[in-house]
Amino acid sequence: MTDFLLRPAVLVPAVALVAFIIHQLFFAGPKLPKLPILGAKEGDWFPFYQATWRNTINFKAAVQEADQKYRDQAVLMPVAMAQNMVMLPRSETQFVTDQPDSKLDMHTQAIDALQTDYTTTDPSLVRNPVHHKLITTTLTNQIGNLVPDVAEETAWGFDNHWGSPTEFQEVCVYDTMRKIVGCVTNRVFVGKPKCRDPALLVEGMGYAQDVPLTSTVLRMVWKPIRPLVALFLCLPIRFRTGRFRNILVPEIKKRLADYDARQRDPEDKSHGPEPNDFLQWTIKQAKEMGDPYLWKPTTLADRILLLNFAAIHTSSFTITSAILELAASKQEYIDELRAEIEGVLAEHGGQWDKRALAKMQKLDSVMRESARLNSFVTIGLSRAVVAKEGIVTPSGVRIPRGVTVNVPSYPVFQDTAIYPDAAEFKPFRFAEQRSDESVEYVKRAAKAFATTSTDYLAFGHGRNACPGRFFAANELKLMLAHLVLSYDIDLGGERPRNSWFGLNRVPPLQATIRIKKRVKA
Ligand code: HEM
């Protein structure tokens, strides 16, 4: 008998089981508040675990049930990737936004959700994200100056990936858009010609794909053995980061040498004009902060990789959805949009600039409406409770430290009381609201694509709302405008449905449309 028990095939699982039970009893996560369990059913033997399973396999139903059945109440919302999640009612969205970082912290939650201690080669860059400051300041302030670069890269990207077919031909929207978004965005991050380097784009896009996938799997791995599993699971990310560094480091070394030379002799113009892109701003920031670690070429390359992660998928999903919506909608809408873009461009001497883009309210409305209908944000404002004593919500629920709170987003976007005919794509919904002069100006202006509110969480809301949203909004509007002016598009059938991946919604990645180079009248 003893021999049998000591056999590795019996002993190893037995030890693992005992360790698991001890862990669950004594070391497993925070103690959850006593709240209804979303997804649990009467008669369940293990309501928490059965609910976890149901919520994980049908997260859409879970989000809807949370909002409908528990409209004014907080609930536990266990899913396989996150078992310590509490869904607050939508009436508490503003409460979440208003809490200081010392109580509810976005970064602690993001570090856990993306498992960045494993999925990044240098986790300190996520824990000390000095580049965020540059997004909210320099990048946002430079949008106007960057418009010509973005317009040029957009035209190059479409010429390359959509070409100039004289007859209708099929293109895969997501696959081409992520490539165009990749080069347009990297034009602003690292400049020309690096932004067109296919290898840089492959690694940047690949990283943006690997991190959510790997972190989703890692979060399902039992915590005590996670570091070990991560060693193997994150190997592809390590190799990818290495390849990305190899591509960018020579350029970074040259930039650093030029920067130092310019500092030594500002009159020496032999190094050409200083580039105006994110890499250069990061170098300047690092030098000004005086910490040599910050200007190590690999540190700088890793920051650009992190930016690719934040920008590429989000922007590619958003523009893919907008194109599919437009292609599926009435031709009159496309004609009306074209007329606006052509009219405003003519007023601006045919040149793209920030003011011209700001005037195109129908274009802005198309993007906002498409993001409302298709946003990947299904639950918003995910924040970890970090206050030692926990927090008490307005409805009186005490939530302990270590728990993650969220609020509904998808059900709000679909709510006909807030968005009449919410299931319908009404491209000019927000443009009409903005032109209603009976409404005060501030309220009308709040209907712009990049403006967030408790009813519009596509970019989050409050202090931690997406810092790149003003840049992204301008970039994507320019891309859509270029497309509408340069191509005829046709869906040739029903718009394929979005799908749910983990906690997010994604557009149909294989969907194709028919395109033809437009012959201008
Ligand atoms: C259409 C494109 C984009 C969408 C829909 C989007 C959406 C979001 C959302 C929902 C969040 C979380 C906000 C919250 O929880 O309150 C976020 C955070 C963030 N986004 Fe974006 N984003 C986009 C483009 C970009 C771009 C282009 C950049 C960089 C230039 C960027 C950089 C970031 C960063 C750094 C954060 C984390 C902010 C923080 O930690 O405080 N995003 N984004």
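Residues numbered from 1 in each chain as written. Predicted model: local features only at pLDDT ≥ 70, side-chain atom pairs only at ≥ 80, totals over all residues.

Per an unreviewed UniProt entry, the protein carries the name Cytochrome P450 and comes from Chaetomium fimeti. The heading Cofactor (unreviewed entry) in the UniProt record of the protein holds the text "heme". (UniProt positions renumbered as here; feature names shortened; annotations may be inferred.)

Section: the overall build of the protein
Along its length, the protein carries 23 helices and 12 strands. Seen along its three principal axes, the alpha-carbon backbone of the protein occupies a region of about 85 × 60 × 45 Å. Counting all 521 residues of the protein, 41% fall into the buried class. Counting only contacts in the protein whose residues sit at least 6 apart along the sequence, the fraction spanning at least 24 positions is 74%. (Helix = DSSP H or I, 4+ residues; strand = E, 2+ residues; numbered from the N terminus. Buried ≥ 20, exposed ≤ 12 C-beta atoms within 10 Å, placed from the backbone. Contact = placed C-beta atoms within 7 Å.)

Brief notes about the pairing of strand E5 (residues 379-385)
A large share of E5 lies buried, amounting to 7 of its 7 residues. Looking at chain direction, E5 and strand E8 (residues 404-408) are connected through 4 bridges and run antiparallel. Bridge pairing in E8 places Gly-380 opposite Val-407. (Pairing = 2+ DSSP bridges.)

Looking at the packing of helix H14 (residues 235-264) against helix H15 (residues 278-289)
To describe two helices that pack against each other, one gives the angle between their axes and the distance between the axes. Orientation of H14 relative to H15, taken along the N-to-C sense of each, is 55 degrees, at an axis distance of 11 Å. In terms of orientation, H14 and H15 fall into the oblique class. In this structure, the crossing between H14 and H15 has a hand that is right-handed. Where H14 approaches H15, its residues Ile-252, Arg-255, Leu-256 and Tyr-259 are matched on the opposing element by Leu-279, Gln-280, Ile-283 and Lys-287. Split by residue class, the contact of H14 with H15 holds 5 nonpolar, 1 polar and 2 charged. (Axes fitted to C-alpha atoms, helices over the stretch in contact; angles between N-to-C directions. Parallel < 35°, antiparallel > 145°, perpendicular 65-115°, else oblique. Left-handed = near helix turned anticlockwise from the far one by under 90°. Nonpolar A, V, L, I, M, F, W, Y, C, P; charged D, E, K, R; others polar.)

Points about the UniProt feature "binding site: heme" (unreviewed entry) in the protein
In the numbering used here, UniProt assigns the feature "binding site: heme" (unreviewed entry) to Cys-466. The residue Cys-466 is located in the loop between helix H22 (441-445) and helix H23 (469-486) in this model. Classification of Cys-466 as buried rests on a count of 20 C-beta atoms within 10 Å. Sequence-distant contacts of Cys-466, that is, excluding residues within four places in its chain, are made with Phe-459 and Gly-460.

Quick word on the site of the ligand
In the region of the ligand, 24 residues are neighbours, and Ala-311, Thr-314, Gly-460, Cys-466 and Gly-468 sit closest. Looking at the shell around the ligand, the elements with two or more residues in it are helix H6 (106-113), helix H9 (130-141), helix H16 (297-328) and H23. In terms of residues, the shell around the ligand owes the most to one element, H16, which gives 6 residues. Residue composition of the shell around the ligand, grouped by class: 14 nonpolar, 9 polar and 1 charged. (Near = placed C-beta within 6 Å.)

Considerations on the sheet that holds strand E9 (residues 487-490)
Across the sheet, 3 strands lie side by side as E4-E12-E9; this open sheet has antiparallel pairing. Among the strands making up the open sheet, the edge pair consists of strand E4 (169-172) and E9. Averaged over all pairs of adjacent strands, the angle between their axes in this sheet comes to 40 degrees, without regard to strand direction.

Thoughts on the environment of Ile-334
Residue position: Ile-334 is located in helix H17 (residues 331-347). Taking the C-alpha atoms as reference, Ile-334 lies 9.2 Å from Asp-488; in sequence the two are 154 residues apart. Leaving out residues up to four positions away in the same chain, Ile-334 has contacts with Leu-326 and Val-484.

Details of the nonpolar core
Grouped together as the largest cluster of nonpolar side chains are 124 residues, with contacts concentrated most on Met-77, Val-86, Met-87, Ile-304 and Leu-480. Top contributing element to this core by residue count: H16, with 15 residues. In contact with Met-77, other than residues within four places in its own chain, are Leu-38, Asn-55, Ala-62, Ala-66, Met-85, Val-86 and Met-87. (Core = buried A, V, L, I, M, F, W, Y, C linked by C-beta atoms within 7 Å.)

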